[in-house]
Amino acid sequence: MVRPFSPADLDRVMEIWLAANLQAHCFVPAEYWTGNAPQVRRQLPQAELHVYEAGGAVLGFAGLQGDYLAGIFVDGPARGRGVGRQLLDRCKALHPVLTLHVYRQNPRAAAFYRREGFAVAAEGVDPDTGQPELTMVWRRG
């Protein structure tokens, strides 16, 4: 079930955020993610967050800043079971346009977004990591 974020979810959301970034972005030094974790922890409660919960456990979440999808993060064992799609469906239901960035070296994520109707609008470089990234956009209808 997808539901709004609660402050009680923060510890679990941060666990998922860090583990997912370390796993999906092994081409970025781990110190980047661990070093940014305190700042992310402070910023997350200000974002629009939706969590996926099953059996009383948070298995994933999506974070937005306006129409910018900052990310969908799913716990490792729950990947491939539709959690990310359900989170994205909630975001699509609430926003007529979504924009995101995805690293070129994360083809699994880029393929997921393409399957879900996103198109590449631009290519660039993440100024924080120096990694090539795609800007992708989805529009309702």
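Model, not experiment: these values are computed from the prediction.

**Observations regarding the packing of helix α1 (residues 10-24) against helix α2 (residues 30-43)**
Direction vectors running N to C along α1 and α2 enclose 155 degrees, while the axes themselves pass 10 Å from each other. Looking at the two axes, α1 sits roughly antiparallel to α2. Considering the relative orientation of α1 and α2, their crossing is right-handed. Contact with α1, carried on its side by L10, D11, M14, W17, L18, N21 and L22, involves A30, W33, T34, N36, A37, V40 and R41 of α2 and no other residues of that element.

**Describing the nonpolar core**
In terms of nonpolar packing, the biggest core is built from 24 residues, with L69, I72, L88, Y113 and F118 touching the most fellow members. Where this core is concerned, the elements lending two or more residues are β3 (57-65), β4 (68-74), α3 (83-94), β5 (97-103), α4 (107-115) and β7 (132-139). Beyond its immediate stretch of four places on either side in the chain, L88 contacts L69, I72, L98, F112, Y113, E116 and F118. By size, the runner-up hydrophobic cluster in this structure holds 19 residues, among which are M14, V40, F73 and Y103.

**Brief notes about the pairing of β3**
A large share of β3 lies buried, amounting to seven of its nine residues. With antiparallel pairing between neighbouring strands as the criterion, strand β2 (residues 48-54) and β3 make up a hairpin whose turn holds two residues, including G55 at a positive phi of roughly 60 degrees. Relative to β4, β3 is paired through six bridges, and the arrangement is antiparallel. Opposite F61, over in β4, you have F73 as the bridge partner.

Calculation notes
- Residues numbered from 1 in each chain as written.
- Predicted model: local features only at pLDDT ≥ 70, side-chain atom pairs only at ≥ 80, totals over all residues.
- Heavy atoms only, no water.
- Axes fitted to C-alpha atoms, helices over the stretch in contact; angles between N-to-C directions.
- Helix = DSSP H or I, 4+ residues; strand = E, 2+ residues; numbered from the N terminus.
- Parallel < 35°, antiparallel > 145°, perpendicular 65-115°, else oblique.
- Left-handed = near helix turned anticlockwise from the far one by under 90°.
- Contact = heavy atoms within 4.5 Å.
- Core = buried A, V, L, I, M, F, W, Y, C linked by side-chain atoms within 4.5 Å.
- Buried < 20%, exposed > 50% of the residue type's maximum accessible area, 1.4 Å probe, protein only.
- Pairing = 2+ DSSP bridges.

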